[in-house]
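# Structural characterization, general
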Amino acid sequence: MQIAPERFASRRDTIAFLICIVLSVAGRVAPVDVQRDIASAITSTVLAPFLAIQEQVSLALGARTDFLEDVAVYDSITALAQQTRLLAVENERLRELLDLSDRLPVQHVSAEVLYQADPRDGLALVISAGSIDGVKLEDPVVAPGGIVGVVKLVQSTTSTVLVWMDTEFRASAVIDVGGEEIFGIVAAGGSAGLDTWLMELRGVAFRGEVPVGATVRTSGQGIVLAEGINLGGVYPAGIPIGTVTDVGEEREGWSRTYQVKPAVNPLSLSHVIVLTGPAWEVGVAFEDNRP
């Protein structure tokens, strides 16, 4: 029952094929003008939709190529602008470091930060200055903003700096309040987030009230406990530590604790200065004397 339709379809395909051959031969042997007329008729009728689709595809491919080129140019300009911004920031930091170096009234050495501190690894910086540069244990380390930390390990060409965020850090501090000097000990105050670190000003006499906004500086004096332990006695006087932002714990009749916003974030430093010579007062170097 299925053989007749299949034969009919096969014959129909054969007939269509023969007709195409005949038309092709006729087209080839026809005069040139006739061939052109036939090609024009076929192009404007049968092939018109296909040619339109091809044109749209070509336009889309061209637009895509232009878009990708524009995106590449935009990305290049953005990367260049970002690099320029970073270079400008780095140049400004280096200028500030050179200005501080020129004003410091003490022997010192500048160093590059080779390894940044990380909140998970003990909070230390490795710097590119060591014993051959005159760096010694307990040498203070500063930046244009103020205190960074203290040298805790010295090798020939590098040193390890304990930054103020470490729980072992201590610095004797003083605040000038209306001509009255109020003393205390600054220590790490913990983290309020990965990028937000605080200090604490501890041991302030209860009668000594410190206003919010007061500047905390190193006092240059060590505080020796009854056990003979010296707290914070390695820094010359006058180095900025931070700014008082809030009142912390109060022990009635005994002492107060204040929250301090640090003057320097060691995690953002690329260069530091190590104070290698003895000095009592270096505060004048941190005053902005530039015009």
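Refer to the structure printed above.
These notes cover the structure that comes with them. Computed from a predicted structure; not experimentally measured. (Residues numbered from 1 in each chain as written. Predicted model: local features only at pLDDT ≥ 70, side-chain atom pairs only at ≥ 80, totals over all residues. Heavy atoms only, no water.)

### With respect to the environment of isoleucine 127
How we decide: Helix numbering and strand numbering both begin at the N terminus, where a helix is a DSSP run of H or I of at least 4 residues and a strand a DSSP run of E of at least 2. Relative accessibility under 20% of the residue-type maximum defines a buried residue, over 50% an exposed one, and the middle range a partly exposed one, all with a 1.4 Å probe and only protein chains included. Contact between two residues is taken to exist if any of their heavy atoms lie within 4.5 Å; hydrogens are not considered.
Inspection of the secondary structure puts isoleucine 127 in strand 2 (residues 124–127). The exposure class of isoleucine 127 is buried, given its relative accessible area of 0%. Between the C-alpha atoms of isoleucine 127 and threonine 157, which are 30 residues apart in sequence, the distance is 8.7 Å. For isoleucine 127, the contacting residues outside a window of four places in its chain are Ala111, Glu112, Val113, Leu114, Thr157, Thr158, Ser159, Val161, Val272 and Val274.

### Looking at the layout of surface pockets
Heads up, the condition is: A cavity here means a set of points on a 1 Å grid, drawn over the protein atoms and nothing else, where a 1.4 Å probe fits but cannot get out; a pocket is an open set with protein on both sides within 12 Å along at least five of seven lines, and a residue lines either one if it has an atom within 4 Å of a point. Grid points are joined across faces, edges and corners, and a volume is the space filled by probe spheres set on the points. Residues are grouped as follows: nonpolar covers Ala, Val, Leu, Ile, Met, Phe, Trp, Tyr, Cys and Pro; charged covers Asp, Glu, Lys and Arg; every other residue, Gly included, is treated as polar.
The volume enclosed by the second largest pocket comes to roughly 200 Å³. Counting residues per element, the lining of the second largest pocket draws most heavily on helix 3 (residues 48–103), which supplies four residues. Among the residues making up the lining of the second largest pocket, the classes are represented as seven nonpolar, five polar and two charged.

### As for a nonpolar patch on the surface
We count it as follows: Residues with no salt bridge and a relative accessible area higher than 30% make up the patches, which join like charges within 9 Å and nonpolar side chains (Val, Leu, Ile, Met, Phe, Trp, Tyr) within 5 Å. Note on areas: Shrake-Rupley with a 1.4 Å probe; residue coverage comes only from the protein chains shown. Within this document, salt bridges are pairs made up of a side-chain nitrogen of Lys or Arg and a carboxyl oxygen of Asp or Glu, the two lying within 4 Å of each other.
There is a patch of nonpolar side chains on the surface, built from Ile53, Val57 and Leu61 and spanning about 290 Å² of accessible area. Here isoleucine 53 is to be found in helix 3. We classify isoleucine 53 as exposed; its relative accessible area is 52%.

From the geometry alone we can't say anything about function, so treat these as descriptive.
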